[in-house]
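So the chains spell out like this:
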Amino acid sequence: MKTYQYRDLSVLELPDTLLITACDSSGGVGEKPGDELCVPTKYISIFAARVCLFELLSCGTEIISLSNTIVGEMEPTGAALIQGIKEELARAGIGELPINGSTEENFKTCMTGFGIFVVGIAKRLRITPSAPGDLVICIGKPKFGAALVLEGDPEIADYQDLKTLTENPAVNEIVPCGSKGILYEATNLATIHQCQFEAMPNNLNVVDSAGPATTVIASIKPFALPELAAVFNAKLTVIGHLK
């Protein structure tokens, strides 16, 4: 049995399948008096679940289980966080899942803390090695913190965008972008495949955080660009190429 890490995923090779896990956490965001950013509690788990789901689904994984850790009481904090998880699973088109978790009932907390751990399975990871000559595109506009629109932001990547990319055979590798930013992920994608990333001028902030997977980048064969541009329109930006 072999285990290894690929980007932000942990992979366990079982005899007949791969077991793949992703995790995320949040602290200081919520409705408690010590929180630095005040938002309705359920959005903490919505965006944390989104991060894990994007990471797993971008690699062709079937989601099978989810656990959460809540640094606070079940009512009302825990209940709101669990509701957010269920809403995001529904948004991703995922049916009922066993949701395990734990809350803090022994001590009163003054700041919201949350962690999530998602498990998926796959016969193989959906990763076609990137190669020199590939274009690197970005879907969505990077946003984080107070810039996030809590409901239905049309400028960020969504699950249909992810589905469109994963189903296109001319799309090689898909990488959700988070706190390290678009440029970091594009450079890392190139390095993994012994390439160099050469940036092209664009209007995106590629250096700062992209928040909870508000954008995804993908390496694609150049001939696929017109088709993808027709689907994504203004949501698609060519950010560079591999050499």
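**Quick look at the pattern of salt bridges**
Within the structure shown, the criterion is met by 11 salt bridges. Between Glu-173 and Arg-7 there is a salt bridge; the shortest N-O distance is 2.7 Å. With Glu-173 in strand E10 (residues 171-177) and Arg-7 in the loop between strand E1 (2-6) and strand E2 (9-13), this pair connects stretches of sequence that are 166 residues apart. For the pair Glu-173 and Arg-7, a shared accessibility class is recorded, and that class is buried. The salt bridge involving Lys-143 is made with Asp-153; its shortest N-O contact spans 2.7 Å. Taken together, the residues Lys-143 in the loop between strand E9 (135-139) and helix H3 (159-166) and Asp-153 in the loop between E9 and H3 connect sequence positions 10 residues apart. Judged by relative accessible area, Asp-153 falls into the buried class, the value being 10%.

**Some points on the environment of Phe-117**
Structurally, the position occupied by Phe-117 is in strand E8 (residues 113-122). Residues Phe-117 and Lys-180 lie 63 residues apart in sequence; the distance between their C-alpha atoms is 20 Å. Every residue in contact with Phe-117, bar those within four places of it in the chain, is listed here: Thr-21, Ala-22, Cys-23, Ser-65, Leu-66 and Ser-67.

**Some words on the sheet that holds strand E7 (residues 99-102)**
Here six strands make up an open sheet; going across it, the order is E1-E2-E3-E8-E6-E7 and the pairing mixed. The strands lining the two open edges of the sheet, one partner per strand, are E1 and E7. Sheet twist, expressed as the mean angle between neighbouring strand axes with direction ignored, is 20°. Where E2 lies against strand E3 (residues 18-27), four bridges are found, and the strand directions are antiparallel. Of the residues in E3, the one forming a bridge with Leu-12 is Leu-19. With respect to the sheet, helix H1 (residues 42-57) is in contact with E2, E3, strand E6 (62-70) and E8, its orientation differing from that of E3 by roughly 150°. Sheet strands touched by helix H2 (residues 74-91): E6, E7 and E8. Its angle to E6, the strand with the most contacts, is close to 165°.

**A closer look at H1**
Taking 1.5 Å per residue as the helical rise, H1 with its 16 residues ought to reach 22 Å, and the 22 Å between its terminal C-alpha atoms agrees with that figure. Here H1 lies mainly inside the structure; 14 of its 16 residues are buried.

**Quick look at the sheet that holds strand E11 (residues 197-199)**
Strand pairing within a sheet occurs via backbone hydrogen bonds; the two strands may be parallel or antiparallel. If you trace the five strands from one edge of the open sheet to the other, you get E10-E12-E9-E13-E11, paired in antiparallel fashion. The open sheet has two edge strands, E10 and E11, and neither has a second partner. Ignoring which end each strand starts from, the neighbouring axes of this sheet average 30° apart. Pairing geometry for E9 and strand E12 (residues 215-220), over five bridges, is antiparallel. Bridging across to E12, Cys-138 finds its partner in Ile-217.

**Considerations on the side chain of Arg-50**
Mapped onto the fold, Arg-50 is located in helix H1. Despite its burial, Arg-50 pairs with no opposite charge; the closest candidate is Glu-88, at 4.8 Å N-O. A distance of 2.6 Å separates a polar side-chain atom of Arg-50 from the backbone oxygen of Ala-157. If sequence neighbours within four positions are ignored, Arg-50 has contacts with Glu-88, Ile-156, Ala-157, Tyr-159, Pro-212, Ala-213 and Thr-214.

**Brief notes about the packing of H3 against helix H5 (residues 225-232)**
Axis separation between H3 and H5 bottoms out at 12 Å; the angle between their running directions is 165°. Our classification of the angle between H3 and H5 gives roughly antiparallel. With respect to the hand of their crossing, H3 and H5 are arranged in right-handed fashion. On H5, the residues touching Asp-161, Thr-164 and Leu-165 of H3 are Leu-228, Val-231 and Phe-232. Its residues placed into classes, the contact of H3 with H5 shows four nonpolar, one polar and one charged.

**Topic: the packing of aromatic side chains**
Counting across every chain of the model gives one aromatic pair. Of note, Arg-50 hangs over the ring of Phe-54, and the distance from its end group to the ring centre comes to 4.3 Å.

**With respect to the pairing of E1**
When E1 meets E2, the two strands line up antiparallel, connected through five bridges. What sits directly across from Lys-2, in E2, is Glu-13. Hairpin remark: E1 followed by E2, antiparallel, with two residues in the connecting loop; positive phi at Arg-7, about 55°.

What counts, and where the lines are drawn
- Residues numbered from 1 in each chain as written.
- Predicted model: local features only at pLDDT ≥ 70, side-chain atom pairs only at ≥ 80, totals over all residues.
- Heavy atoms only, no water.
- Salt bridge = Lys/Arg side-chain N within 4 Å of Asp/Glu carboxyl O.
- Helix = DSSP H or I, 4+ residues; strand = E, 2+ residues; numbered from the N terminus.
- Buried < 20%, exposed > 50% of the residue type's maximum accessible area, 1.4 Å probe, protein only.
- Contact = heavy atoms within 4.5 Å.
- Pairing = 2+ DSSP bridges.
- Axes fitted to C-alpha atoms, helices over the stretch in contact; angles between N-to-C directions.
- Expected span 1.5 Å × (residues − 1).
- Lys, Arg positive; Asp, Glu negative; His and termini not counted.
- Polar contact = N/O pair within 3.5 Å; in protein donor to acceptor, adjacent residues only side chain to side chain.
- Parallel < 35°, antiparallel > 145°, perpendicular 65-115°, else oblique.
- Left-handed = near helix turned anticlockwise from the far one by under 90°.
- Nonpolar A, V, L, I, M, F, W, Y, C, P; charged D, E, K, R; others polar.
- Phe/Tyr/Trp six-rings, centres within 6.5 Å; stacked < 30°, edge-to-face > 60°.
- Lys NZ or Arg CZ within 6 Å of the ring centre and 35° of its normal.

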